[in-house]
Amino acid sequence: MACVYIHIPFCRKICSYCDFTKVLYNKDLVMPYLDKLSSEIEDSYEKEEVKTLYIGGGTPSCLSIEELGRLKQIVKSFSLAKDYEFTFECNIEDIDGDLLYELKDMGVNRLSIGIESFDKCKLEFMNRNASFPDIKGKIELVRSYGFNNINLDLMYGIPGEKISNLKKDLNLLLKLNPEHISTYSLIIEEHTMCKIRNDENILPEEELKMYNHIVSKLEKKGYIHYEISNFAKPGYESKHNLTYWNNEEYYGFGLGATGYIKGFRYSNTKSIDEYLLGNFKDEENLVSKTEMMENEVMLGLRKMEGIDLQKFFDKYEVNLQDVFPVKPLVRNKELVYKNGHIFINPKYIYVMNEILLKLI
Amino acid sequence: MEQKNIRNFSIIAHIDHGKSTLADRILEITGALDKREMKDQILDNMDIERERGITIKLNAVELKYRYKGEEYILHLIDTPGHVDFSYEVSRSLAACESAVLVVDAAQGIEAQTLANLYLALDNDLTIIPVINKIDLPNADIPKVKRELIDVLGFKDDEIVLCSGKTGEGVTDLIEAIIERTPAPKINNEAPTRALIFDSYYDAYRGVVVSVKVVDGSIKVKDRIKFLATNEEFEVVEVGVNTPKIALRDELVSGEVGWISAAIKDIEGVKVGDTITVTRNEAFTQLDGYKPMKPMVYSGLFPIEPNKYESLKEALEKLKLNDASLSIEPETSDALGFGFRCGFLGLLHMDVIEERIRREFGIDIIATSPSVIYHVNLTNGDKIEVDSPNKMPDRASIKSIEEPYIRTNILVPTNFIGPIMTLCQDKRGIFDNTEYIDQTRVNIHYFLPLSEIVYDFFDKLKSSTKGYASFDYELSGYKESNLVKMDILLNGEVVDALSVIVHKDYAYQRGRTIVENLKEIIPKQLFQVPIQASIGSKVIARETISALKKNVLAKCYGGDISRKRKLLEKQKEGKKRMKTIGKVELPSEAFLSILKTDK
């Protein structure tokens, strides 16, 4: 069983906060890129059954129909499991009947759409564009093509944003009735437009208020808060992303992609020139058992249900509490032990790094 | 060699007035070292000495110089020059017949110039006044000459002008030393008495004792006896430093050199004590011996508890060479196992702490320094207390006395106002002022020693734009209205943060401490109240609000390694934290106690 991530780095427009590997869309580069992608996959994919497939970016939806056709060919090389999950990231503006037809044909059964906000000021800050009526129309179109597992992204903590702006955004988002919602506060990363123009985060107090509002509102609306930043209607948790948080292995293909295969974590080159020359891998490291267990903790505690102690034991043949100083933290109520799971006290989820630092 | 041609002298100066450079030049001119062997400031052995431009450990060097057809032996005895070591300075001066008083041609007389001069005069030394650094573009020779003449009473034609840097006038100085330094008094036949003015530990030879033989002689294989301790040893080697080690058969009356006698424990070798030999035994000590007593105490604790043994070893090694350092184990509820260490003064403390960090690589937390309080109990007993945590219950205390110092603060007259304000703030009692000339004044205050333990030096510097020079001598104990103030974090007393304060200043100090701690302690998972209290009465309170955010909001496949690095970086920052109760405290928190303002 394998999980696969494929990176399509092309974008028509660059969002101010984005630090993913990306290049501006250039017709001359896309086909050669897809050819290399295909050979990268051929080189290492061992024909395992694929449980989850995720095509992200960049903006995969900005490809032309012809280019999508080439991508479809590549995807065909994977043998998909029966109950596979196949997510495709879309920019809302790119959505039209032709695109949806291609995606359906490709086998996509989950769409992840970056909405981020409906607020003009917030969108302007992000260097994005969209309006609620347009978006609503597009989502209806998506549904009419039979896509019934949709994730929508929402960002908060944009400079100048008040809790009232967020509440409005969240209400509009809920009107679209997505199966899955990912919410992120703005992170000002190196080498982004935000960093260059010296944007500053809003106060942590404000941000925490927004986060708490999101959690309580979405839970009230029947969403399960299953990871720090992710919410889903029952049964619609992202299987692919859970691979990461369960510290399971996955293939990463494409520019700047990372993977975790046979105990090695690797990352691909971020240089499109290198990639087109066929020099895919940039770095590759064998993960030690200690590191593996630390990753298990760092990632596992992101899930609200935390770490399954029996599963941890089955995987590492050692008890979690014998390797990490869990007990004093449980005593302090920073961690909670319940039903064979250890998880972060929800009260401390927004400061969970502090707890991780005591553990690993 | 004729004993009448021996000249024992030392060089005394205020810090940075060029003493070490001048000594180097004398070594070079007398041919003790050739140019190739010269390392700058050869007498300052330790890195820290070189960095700070101060001399901590003493050294004696034997030099030869031909003058007017005769050969002279010069013993240059270096002095530490800092107030912390004034007893050691006074003993090394006692080994000399003259002192070269070095004054910077641009700075003029400073506080340590005076303090050292007085020590030299106490020992009846001939003083040779020298104006150094005459090559400086801002040298003001006439003005400095006037100071030496008017303030210190020298004659114009006594003053030697020179530059240690260029070498100009240094030959004149050497000749002045030969001309003016009296030959040591020679008593070859009298029972042997030698003055100990320094010692150091050598891994192969044990304790090497620097001595001046006053009466009689000391030979290899002599049985020597320390009069203060009555311990006996057999001399293995005697010698001098030229500055290379040169072995001799004996040291005779008037000579300065060293002896080794397979002595393992430096504590038995006390500076100021007298050595005699059993074949020609003396029974009375030379004048001026005092056992050395630490003035300031501080607790030293390893940040990582598993470094306790390493810290112990480090302190023991340092102590091998430093009889004035006292160590005893201390346990703190907050900081765990460590040591209560006694120091001669603040510089001594600083240097030891720095050497532990630097030479032994151990991260330590030093608790707020304490002086020694004399506590009179209601039952009539008197006890000495060197730590706030050893202070008895308030009900059993009748009165507390604390050590006072008398200051020499030399400043331009326009800073008299700020100095007086500063000293009043530090509970000073004005004594008097002496005018050096129309522009400079020496201000004498009586100050509690505990007040200069805090930020007095920094304040002095900032309130006088760095123009003040400062020195002090102990003046005795005085009763004060003192109380112990505790600091509570999250409702629990942190013993390592307790301080003794004057009652009238307690509120203000308490305020400052809690405010500073609020700045320094990072936010925690929960809200942390910080309180200052006397007994059960809270006199100041601040609250650190709970941490709101420290989360990797987003973490997918591509982020894992990167986020791990971010956590590792945060982890690195936490390493310097000490967890006390549930609160994580950075080591700076313990130092912030020292600051008396924000």
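Residues numbered from 1 in each chain as written. Chains lettered and ligands numbered in written order. Predicted model: local features only at pLDDT ≥ 70, side-chain atom pairs only at ≥ 80, totals over all residues. Heavy atoms only, no water.

## What about the overall build of chain B?
Next, step 1: When helices and strands are tallied, chain B shows 14 helices and 34 strands.
Next, step 2: Computed over C-alpha atoms, the radius of gyration of chain B comes to 27 Å, within 12% of the 25 Å expected from 2.2 N^0.38 for 598 residues, which places it in the range of a compact globule.
Next, step 3: Over its C-alpha atoms, taken along the principal directions, chain B stretches across nearly 85 × 70 × 60 Å.
Next, step 4: Restricting the contact set of chain B to residue pairs at least 6 apart, pairs at least 24 apart contribute 69%.
Next, step 5: Surface exposure of chain B reaches about 25,000 Å², of which carbon and sulfur atoms provide 48%. (Helix = DSSP H or I, 4+ residues; strand = E, 2+ residues; numbered from the N terminus. Rg over C-alpha atoms; globule rule 2.2 N^0.38 Å. Contact = heavy atoms within 4.5 Å. Areas by Shrake-Rupley, 256 points an atom, 1.4 Å probe, with all protein chains shown as cover.)

## So, the packing of aromatic side chains
Next, step 1: On inspection of all chains with the given rule, the structure shows 26 aromatic pairs over all chains.
Next, step 2: For the pair Phe 10 of chain A and Tyr 25 of chain A, a centre-to-centre distance of 6.4 Å together with 75 degrees between the ring planes defines the contact as edge-to-face. On the criterion of sequence distance, the pair formed by Phe 10 of chain A in strand β2 (residues 10-11) and Tyr 25 of chain A in the loop between β3 (23-24) and α1 (27-44) is long-range, its members being 15 residues apart.
Next, step 3: Judged by relative accessible area, which is 0%, Phe 10 of chain A ranks as buried.
Next, step 4: Taken together, the ring pairs connect Tyr 184, Tyr 226, Tyr 244, Trp 245 and Tyr 250 of chain A together with Tyr 556 of chain B into an aromatic cluster.
Next, step 5: Sitting above the plane of the Phe 125 of chain A ring, Arg 197 of chain A keeps its charged end 4.6 Å from the centroid.
Next, step 6: In this structure, Lys 281 of chain A is placed above the aromatic ring of Tyr 266 of chain A, and the distance from its NZ or CZ to the ring centre is 4.5 Å. (Phe/Tyr/Trp six-rings, centres within 6.5 Å; stacked < 30°, edge-to-face > 60°. Buried < 20%, exposed > 50% of the residue type's maximum accessible area, 1.4 Å probe, protein only. Lys NZ or Arg CZ within 6 Å of the ring centre and 35° of its normal.)

## Here we look at the confidence of the model for chain A
Next, step 1: Chain-level statistics for chain A give a pLDDT mean of 95 and a share of 100% at 70 or above.
Next, step 2: Mean pLDDT values for the elements of chain A range from 90 in helix α7 (residues 193-196) of chain A up to 98 in strand β10 (residues 230-232) of chain A. (pLDDT = per-residue confidence, 0-100.)

## Examining the pairing of strand β13 (residues 245-248) of chain B
Residue and element names in this part refer to chain B.
Next, step 1: Two elements, strand β12 (residues 237-241) and β13, share 4 bridges in a ladder whose sense is antiparallel. Along β13, the bridge assignment pairs Val 238 with Arg 248.
Next, step 2: Between the antiparallel neighbours β12 and β13 lie 3 residues. (Pairing = 2+ DSSP bridges.)

## Considerations on the interface of chain B and chain A
Next, step 1: With 24 residues of chain B in contact, the opposing surface of chain A contributes 40 residues.
Next, step 2: Of all residues in chain B, Leu 525, Tyr 556 and Arg 564 of chain B give up the largest surface area on contact with chain A, accounting jointly for 22% of the area buried on that side.
Next, step 3: The tally of links between chain B and chain A comes to 5 salt bridges.
Next, step 4: Across the salt bridge formed by Glu 354 of chain A and Lys 574 of chain B, the nearest N and O atoms sit 2.6 Å from each other. (Buried area = accessible area lost by both parts, 1.4 Å probe. Salt bridge = Lys/Arg side-chain N within 4 Å of Asp/Glu carboxyl O.)

## Examining the sheet that holds strand β11 (residues 251-254) of chain A
Residue and element names in this part refer to chain A.
Next, step 1: Within the open sheet, the 9 strands sit side by side as β9-β10-β8-β7-β6-β5-β4-β1-β11. Their pairing is mixed. Every other strand in the sheet has two partners, leaving β9 (224-227) and β11 as the edge strands with one partner each. Recorded for the sheet is a direction-independent mean angle of 20 degrees between the axes of neighbouring strands.
Next, step 2: Sheet topology places strand β1 (residues 2-8) next to β11; 4 bridges connect them, and they run parallel. Following the sheet pairing, Val 4 is matched in β11 by Tyr 251.
Next, step 3: Strands in contact with α1 are β1 and β11; relative to β11, the strand with the most contacts, it is inclined by about 150 degrees.
Next, step 4: Helix α6 (residues 163-175) rests against β6 (110-116), β7 (150-156) and β8 (180-185) of the sheet, and its axis sits at about 175 degrees to β7. (Axes fitted to C-alpha atoms, helices over the stretch in contact; angles between N-to-C directions.)

## Digging into the packing of α6 of chain A against helix α8 (residues 204-220) of chain A
Residues and elements named next belong to chain A.
Next, step 1: Running from N to C, α6 and α8 cross one another at 25 degrees; their axes reach a closest spacing of 10 Å. Judged by the angle between their axes, α6 and α8 are roughly parallel. Remark: the crossing between α6 and α8 carries right-handed chirality. Contacts between α6 and α8 pair Ile 163, Leu 166, Lys 167, Leu 170, Asn 171 and Leu 174 from the former with Lys 209, Met 210, His 213, Ile 214, Lys 217 and Leu 218 from the latter.
Next, step 2: In terms of residue class, the contact of α6 with α8 is made up of 7 nonpolar, 2 polar and 3 charged. (Parallel < 35°, antiparallel > 145°, perpendicular 65-115°, else oblique. Left-handed = near helix turned anticlockwise from the far one by under 90°. Nonpolar A, V, L, I, M, F, W, Y, C, P; charged D, E, K, R; others polar.)

## Some remarks on the domain arrangement of chain A
Next, step 1: Annotation of chain A at the domain level lists domain 1 (2-244) and domain 2 (306-360).
Next, step 2: Here the C-alpha centroids of domain 1 of chain A and domain 2 of chain A sit 30 Å apart. (Domains from an automatic or database assignment.)

## A closer look at the pattern of salt bridges
Next, step 1: Evaluation of the coordinates by the stated rule reveals 59 salt bridges over all chains.
Next, step 2: Between Glu 284 of chain A and Lys 281 of chain A there is a salt bridge whose closest N-O contact spans 3.7 Å.
Next, step 3: Linked by salt bridges that have partners in common, Glu 328, Glu 330, Arg 340, Asp 386 and Lys 390 of chain B make up one network.

## Considerations on α6 of chain A
All names here are of chain A.
Next, step 1: With 13 residues, α6 extends 19 Å from end C-alpha to end C-alpha; this agrees with the ideal 18 Å at 1.5 Å per step.
Next, step 2: Looking at the buried residues of α6, the elements they touch are β6, α4 (120-126), β7, β8 and α8.
Next, step 3: At the exit of α6 stands Asn 177, carrying a positive phi of roughly 50 degrees. (Expected span 1.5 Å × (residues − 1).)

## A short note on α8 of chain A
Residue and element names in this part refer to chain A.
Next, step 1: Given a rise of 1.5 Å per residue, 17 residues ought to cover 24 Å, and the 24 Å separating the end C-alpha atoms of α8 matches this to within 8%.
Next, step 2: Among the residues making up α8, those that are buried are Glu 207, Leu 208, Met 210, Tyr 211, His 213, Ile 214, Val 215 and Leu 218.
Next, step 3: The inward-facing, buried residues of α8 abut β7, α6, β8, β9 and β10.
Next, step 4: Just beyond α8, the residue with positive phi is Gly 222, at close to 90 degrees.

## Here we look at a negative patch on the surface
Next, step 1: A contiguous patch of negative charge, built from Asp 273, Glu 274, Asp 282 and Glu 283 of chain A, is present on the exposed surface.
Next, step 2: Within the secondary structure layout, Asp 282 of chain A lies in strand β14 (residues 281-286). (Patch = residues over 30% accessible without salt bridge, like charges linked within 9 Å, V, L, I, M, F, W, Y side chains within 5 Å. Lys, Arg positive; Asp, Glu negative; His and termini not counted. Charge placed at Lys NZ, Arg CZ, Asp CG, Glu CD.)

## Considering unusual backbone geometry
Next, step 1: At the junction of Gly 57 of chain A and Gly 58 of chain A, the peptide bond is cis and its omega measures out at 20 degrees in the coordinates.
Next, step 2: The topology assignment puts Gly 58 of chain A in the loop between β4 (49-57) and α2 (65-76).
Next, step 3: In this model, Asn 230 of chain B sits at a positive phi of 65 degrees, which is unusual for a non-glycine residue.
Next, step 4: Along the chain, Asn 230 of chain B falls in the loop between β10 (223-226) and β11 (232-234).

## Digging into the sheet that holds strand β15 (residues 307-308) of chain A
The pairing of strands in a sheet happens through backbone hydrogen bonds and is either parallel or antiparallel.
Residue and element names in this part refer to chain A.
Next, step 1: Spatially, the 3 strands line up as an open sheet ordered β15-β17-β16, and their pairing is antiparallel. Only two strands of the sheet have a single partner each, and these edge strands are β15 and β16 (335-338).
Next, step 2: Relative to strand β17 (residues 341-344), β15 runs antiparallel, the two sharing 2 bridges. Note that in β17 the partner of Ile 307 across the bridge is Ile 342.

## Notes on the state of the cysteines
Residues and elements named next belong to chain A.
Next, step 1: Overall, the coordinates contain 0 disulfides over all chains when judged by the stated rule.
Next, step 2: In this structure Cys 121 is not part of a disulfide, and its nearest cysteine sulfur, from Cys 194, lies 15 Å away.
Next, step 3: According to the relative accessible area criterion, Cys 121 is exposed, its value standing at 61%.
Next, step 4: For the unlinked cysteine Cys 194, the closest cysteine sulfur is that of Cys 15, found at 9.8 Å. (Disulfide = S-S within 2.5 Å.)

## Notes on the pairing of strand β5 (residues 126-132) of chain B
All names here are of chain B.
Next, step 1: Among the 7 residues that make up β5, 6 are buried, leaving the element largely enclosed by the rest of the structure.
Next, step 2: Of the strand pairs in this sheet, strand β4 (residues 98-104) and β5 are connected by 7 bridges, and their pairing is parallel. Counterpart to Val 100 in the pairing with β5 is Ile 128.
Next, step 3: For the crossover that starts at β4, traverses helix α4 (residues 111-122) and ends in the parallel β5, the hand is right-handed.
Next, step 4: The pairing of β5 with strand β6 (residues 160-161) spans 2 bridges and is classified as parallel. In the sheet register, Ile 131 faces β6, and the bridge partner there is Leu 161.
Next, step 5: A crossover links β5 with its parallel partner β6, the connecting element being helix α5 (residues 141-150), and its sense is right-handed. (Right-handed = clockwise from strand over helix to strand, strands pointing away.)

## A word on the confidence of the model for chain B
One rule of thumb: low pLDDT means the predicted coordinates there are not for detailed reading.
All names here are of chain B.
Next, step 1: On average, residues of chain B score 88 in pLDDT, and 95% of them reach the 70 mark or higher.
Next, step 2: The secondary-structure element of chain B with the lowest mean pLDDT is helix α2 (residues 47-52), recorded at 53, while β5 shows the highest, at 97.
Next, step 3: For this predicted complex, the interface confidence comes out at an ipTM of 0.90, alongside a pTM of 0.74.

## A word on the environment of Lys 221 of chain B
Residue and element names in this part refer to chain B.
Next, step 1: Here Lys 221 is to be found in the loop between β9 (217-219) and β10.
Next, step 2: The exposure class of Lys 221 is exposed, given its relative accessible area of 64%.
Next, step 3: When the C-alpha positions of Lys 221 and Gly 336 are compared, they lie 48 Å apart, and in sequence the two are 115 residues distant.
Next, step 4: If near-sequence neighbours (up to four positions away) are discounted, Lys 221 is found in contact with Glu 234 and Val 235.

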